[in-house]
Amino acid sequence: MLTLYRLAHVLIAFVWFAAVFAAHWNAMQARRATAWATRATLFSVNRDLSTRVALPMLFMVGLVGNIYAMQMGYTMKTSLSFMVANGLWAAMVLVALFVELPAAGALGALAHAAAAANATSDPAGWDRELKRWRAANGAILLGFFLMLGVIDWKSTRLNSSHLVISYAVFCL
């Protein structure tokens, strides 16, 4: 059963990371696009990725991760790394809910309004919302990489090649 929890946890984390990466890629493409209709479409996709994939997977990775950790014998009372990982996860959820999702929605609305008005320049508030969205995603990814640092790698039976892979993902 422990292997199933571990597999589910890794799979859910991978899907979450893929959704965040896809949203980042869409944002880069939107910044390069000159047509507001294209930007509106890309930021609508980002909003859908955030609400339908990234946020549910972020909730699930925390839930399955806690079940997995408890099955391995960790408790909040005795494991500092378990407490830190849960604190980071809770912070990531809060940032996603209260900063990233509202900023993604605002970017989509601003892009749709600019497309409807055939705007030739950035609408008022565009740069502010884009900075909020990017800062939120940066904070969420930073939380993810900090979690990699507090995991007890020996108890998860990961060997050094997994650490190298994690570092390679961090460098991306």
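The model shown is predicted, which means the values in this text are computed figures rather than measured ones. (Residues numbered from 1 in each chain as written. Predicted model: local features only at pLDDT ≥ 70, side-chain atom pairs only at ≥ 80, totals over all residues. Heavy atoms only, no water.)

### Examining empty space enclosed by the protein
Then, number 1: Scanning the entire structure with this criterion turns up 1 cavity of 30 Å³ or more.
Then, number 2: Put simply, the largest cavity is a space of about 90 Å³.
Then, number 3: The wall of the largest cavity is formed by 13 residues, among which Val-20, Ser-50, Ala-54, Glu-100 and Asn-137 lie closest to the centre.
Then, number 4: For the lining of the largest cavity, the elements supplying multiple residues, two or more each, are helix H1 (2-32), helix H2 (36-71), helix H3 (80-116) and helix H4 (126-150).
Then, number 5: Tallied by class, the residues present in the lining of the largest cavity amount to 10 nonpolar, 2 polar and 1 charged. (1 Å grid on protein atoms, 1.4 Å probe; cavity = no way out; pocket = protein on both sides within 12 Å on 5 of 7 lines; lining within 4 Å. Points joined across faces, edges and corners; volume = space filled by probe spheres on them. Helix = DSSP H or I, 4+ residues; strand = E, 2+ residues; numbered from the N terminus. Nonpolar A, V, L, I, M, F, W, Y, C, P; charged D, E, K, R; others polar.)

### A few points about the nonpolar core
Then, number 1: Counting residues in hydrophobic clusters, the biggest one holds 39 residues, and the most contacted among them are Trp-16, Phe-43, Leu-58, Met-92, Trp-126, Trp-133 and Phe-144.
Then, number 2: Within the residue set of this core, elements represented by two or more residues are H1, H2, H3 and H4.
Then, number 3: If you tally residues by element for this core, the top one is H3, at 12 residues.
Then, number 4: Look past the residues within four positions of Trp-126 in its chain and what remains in contact with it is Arg-31, Trp-36, Arg-39, Phe-43, Leu-107, Leu-110 and Ala-111. (Core = buried A, V, L, I, M, F, W, Y, C linked by side-chain atoms within 4.5 Å. Buried < 20%, exposed > 50% of the residue type's maximum accessible area, 1.4 Å probe, protein only. Contact = heavy atoms within 4.5 Å.)

### So, unusual backbone geometry
Among all residues except glycine, the phi angle is most often negative; among peptide bonds, the trans geometry is most common.
Then, number 1: Backbone geometry at Asn-118 places phi at a positive 55°, although glycine is not the residue there.
Then, number 2: Tracing the sequence through the fold places Asn-118 in the loop between H3 and H4.

### A few points about the packing of aromatic side chains
Then, number 1: Counted according to the given criterion, the structure contains 9 aromatic pairs.
Then, number 2: Here the aromatic rings of Phe-17 and Phe-144 are separated by 5.5 Å at their centres, their planes lie at 35°, and the arrangement is tilted. In this pair, Phe-17 is assigned in helix H1 and Phe-144 in helix H4, connecting sequence segments 127 residues apart.
Then, number 3: Owing to a relative accessible area of 18%, Phe-144 belongs among the buried residues under this scheme.
Then, number 4: Ring plane angle 70° and centroid distance 5.1 Å describe the contact between Phe-144 and Phe-145, whose orientation is recorded as edge-to-face.
Then, number 5: Taken together through their ring pairs, the aromatic side chains of Trp-16, Phe-17, Phe-144 and Phe-145 make up a single cluster.
Then, number 6: Residue placement shows Arg-39 over the ring face of Trp-36; its charged tip is 4.4 Å from the ring centre. (Phe/Tyr/Trp six-rings, centres within 6.5 Å; stacked < 30°, edge-to-face > 60°. Lys NZ or Arg CZ within 6 Å of the ring centre and 35° of its normal.)

### Examining the packing of H2 against H3
Then, number 1: Contact geometry of H2 with H3 gives a least axis separation of 8 Å together with a crossing angle of 165°. Relative to H3, the element H2 lies roughly antiparallel. The crossing of H2 and H3 is left-handed.
Then, number 2: In terms of residue class, the contact of H2 with H3 is built from 23 nonpolar, 9 polar and 3 charged. (Axes fitted to C-alpha atoms, helices over the stretch in contact; angles between N-to-C directions. Parallel < 35°, antiparallel > 145°, perpendicular 65-115°, else oblique. Left-handed = near helix turned anticlockwise from the far one by under 90°.)

### So, the packing of H1 against H2
Then, number 1: Relative orientation of the contacting elements H1 and H2 amounts to 160°, with a least axis distance of 8 Å. With respect to H2, the axis of H1 lies roughly antiparallel. Considering how the two elements wind past one another, H1 and H2 form a crossing that is left-handed.
Then, number 2: Here the contact of H1 with H2 is composed, by residue class, of 26 nonpolar, 6 polar and 3 charged.

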